[in-house]
Amino acid sequence: MGSSVVLMRTICFAVFLGWLLVWALIPTKVYKNTWTPKLNNKLNSTYFREQGKNLLLFSFPVMLIALLGCVYLHLQKKPNKLQSKRKMRSPRLFFSQRPVLVMAPLGIVTAIELTIAVMFVAFLIWSLANYLWQAKFRSVSLRLGYIGNTCWAFLFFPVTRGSSILPLVGLTSESSIKYHIWLGHLSNALFALHAVGFLIYWAMTNQMAEVLEWSETYVSNVAGVIAIAIATVIWATSLPRFRRKMFELFFYTHHLYILYIIFYVLHVGPAYFCMILPGIFLFAVDRYLRFLQSRNRARLLSARALPCGVVELNFSKSPGLYYNPTSILFVNVPSISKLQWHPFTVTSNCNMEQDKLSILVKTEGSWTQKLYQQISSSVDRLEVSVEGPYGPNSAHFLRHESLVMVSGGSGISPFISIVRELIFQSNNNPDYKIPNVHLICVFKKSADLSMLNIMLPVSDAPTELSKLQLQIEAYVTRDSEQPKTDTLKELQSIWFKSNPSDSPVSGALGCNSWLWLAVVIASSFVMFLLLLGIVTRFYIYPIERNGTEVYHYSYKCLWDMFLVCVCVFLASSAVFLWLKKQQNAIEVKQIQNMEVPTPTTSPSSWFHTADRELEESLPNQCLVQATKFHFGERPNLNKILLDVKGTDVGVLVCGPRKMRHEVAKICSSGLADNLHFESISFSW
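Computed from a predicted structure; not experimentally measured.

Caption draft 1: Structural detail: the environment of Leu67. Along the chain, the position of Leu67 falls in helix α3 (residues 52-76). Among the residues examined, Leu67 registers a relative accessible area of 24% and is labelled partly exposed. For the pair Leu67 and Ser164, spaced 97 residues apart in sequence, the C-alpha to C-alpha distance is 7.7 Å. Sequence-distant contacts of Leu67, defined by excluding residues within four places in its chain, comprise Ala518, Ile521 and Ala522.

Caption draft 2: Layout of empty space enclosed by the protein. Overall, the coordinates contain four cavities of 30 Å³ or more when judged by the stated rule. Its boundaries defined by the atoms lining it, the largest cavity holds a volume of some 780 Å³. If you trace the largest cavity, you find 41 residues lining it, with Gly162, Pro389, Tyr390, Ser513 and Trp514 closest to the centre. Looking at the lining of the largest cavity, the elements with two or more residues in it are α12 (270-294), β8 (385-390) and α15 (513-545). No other element matches α12, which puts six residues into the lining of the largest cavity. Taken as a whole, the second largest cavity holds about 150 Å³ of empty space. Along its surface, the second largest cavity is lined by 15 residues, and Gln293, Asn296, Pro504, Ser506 and Lys580 are the ones closest to its centre. Ranked by the residues each element gives to the lining of the second largest cavity, the list is headed by helix α16 (residues 553-593), at four residues. The residue inventory of the lining of the second largest cavity, partitioned by class, reads seven nonpolar, six polar and two charged.

Caption draft 3: Looking closely at a positive patch on the surface. Positive charge collects at one region of the surface, where Lys444, Lys445, Arg478, Arg634 and Lys658 lie side by side. Structurally, Lys445 is set in the loop between β10 (436-443) and β11 (470-476).

Caption draft 4: View of helix α13 (residues 366-376). Along α13, the residues classified as buried are Trp367, Thr368, Leu371 and Ile375. Looking straight down α13, one finds its buried side chains confined to an arc of 95°; they lie on one side. Lining the buried residues of α13 we find β3 (300-305), β4 (310-316), β5 (328-332), β6 (342-345), β7 (356-362) and β12 (492-495). Looking at the residues trailing α13, positive phi occurs at Ser378, about 60°.

Reading guide: rules and limits
- Residues numbered from 1 in each chain as written.
- Predicted model: local features only at pLDDT ≥ 70, side-chain atom pairs only at ≥ 80, totals over all residues.
- Heavy atoms only, no water.
- Helix = DSSP H or I, 4+ residues; strand = E, 2+ residues; numbered from the N terminus.
- Buried < 20%, exposed > 50% of the residue type's maximum accessible area, 1.4 Å probe, protein only.
- Contact = heavy atoms within 4.5 Å.
- 1 Å grid on protein atoms, 1.4 Å probe; cavity = no way out; pocket = protein on both sides within 12 Å on 5 of 7 lines; lining within 4 Å.
- Points joined across faces, edges and corners; volume = space filled by probe spheres on them.
- Nonpolar A, V, L, I, M, F, W, Y, C, P; charged D, E, K, R; others polar.
- Patch = residues over 30% accessible without salt bridge, like charges linked within 9 Å, V, L, I, M, F, W, Y side chains within 5 Å.
- Areas by Shrake-Rupley, 256 points an atom, 1.4 Å probe, with all protein chains shown as cover.
- Salt bridge = Lys/Arg side-chain N within 4 Å of Asp/Glu carboxyl O.
- Lys, Arg positive; Asp, Glu negative; His and termini not counted.
- Charge placed at Lys NZ, Arg CZ, Asp CG, Glu CD.
- Arc of directions from axis to C-beta.

Shown next as structure tokens:
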């Protein structure tokens, strides 16, 4: 199986390189004068007309990669099994992931990211230079639009949360969201120059009436004007300062992307739409599957309200749902907002807690504050919808000799899931060398220390910590001394009434989700090609065959978009309903066997005196003994990281941007070759 997985990944990369080569050849004379006429004669049949060539060269390769990626991820997925010997990654791979650029607004850029970014910009410059050389600067604005179209070919891949392509290069949607931001800024800048250039040209040549032209035989200028107007609104509200201060406005205006796509396709035409089709098609499949998953209400079992304003939500989970640490879950509470979805880190471990999924919610905005108020008011039931979980395809942090995890505030959430995974592996894989763990957590106030209470799961099964070498250093920056005993509060546990209509959290496509996703992608794309061929051959072609009448150019675009939506809807719905029918029997049994546990409370005193213990259980005693507290000071990260011993130290950081950048600069300084950096950021 190992050789087949490697072969499949090699094929994917070979197809991807071929696809990039075609993009690179587009502006050349060889492609335009030699290849294009021959390809048009062979591929632009009566079934696909002018779209045939682009469907084969630009759409088919990416759809093939997506299908092979699904099979690759299914074969690679091996829960609960670890190799007895740790596989060391090559020094070249470590160097490629080392930060080389830490600056706003780009953030933390690794060597491989900088290399790809430079190559992509060089590719755009190469394409623009070839266009300009051929056009003699007469049609610069048109060529800028062509280059912007290239950016759109990649724009939707990073925001496809359940992507089968991103994991092939070790990415997740949450870690690659910055690429979507970069591509969005670049494409909008190019399209703005494209629009301004044409407006100036029309003004100089007294052709301003062209702005309002909606041609029957060519692209629509009006649609382009509407598209750039929508893009300007989306672009302006997505700027960092605007997004941070008015997130809800950014969130709602970003949903104008549907109108943007429609008018954009009406402007570029069906042939160019086929060039950017794969990204939009795969995003549409993912978005509709998320919609189907979110129609069911998730079964919320309980909640634990911490005195620091943090809430732990515990959901019922389907036993077949598998996810890795640092995964995220998108949550919607209709009683607060029917439209807003917010991502939260999954703190539970699917191996230790096979029937429960937990997330941590920090009250920092209006939405989370309303959620905390509702839970604190002791409601007996809370309607919640979820999407996900989404996360990495493997527990890659297990490959390190030791781990240093640096968190700020609620940034400790992903590290809770990592600690739980390490506890499970240490107890169930005795032959595997578990990494040593040094957790550095920074909090503002003493009350925030209560987040350490949920480091261990609430479970009847015993948790053994003796096999895990864990060291925790907790820093409280705004309190110079430990609080008095009478100021401490207990955790408030709330148990919710179950509703027969609620369902356990499960994947949209069940256990073998990658294989079923391959079925959805393949069936929907084949259906699209068949229907497009039928419509073109038996409806559009007869109208244009005699040459006396021309089928409206914009109608062809509308047909393409309509068929994409119909095919995605039919294929996704059929597979989802089939799997849902099979899951219903299992869920009914789970409801019948479910017993509501007795409410319990846990004290939040992690820092009383040495004589007073948090709880009587041995795991909590070990955890308390492994924790050292520092009040009124900040950690000296430079000294801590440079003093870490070992040849392979994984450095993970999750917290404010300033903290992430500081850790990245230390790891990239070259003072310690054993530090291998990874940032965990959920800046959606």
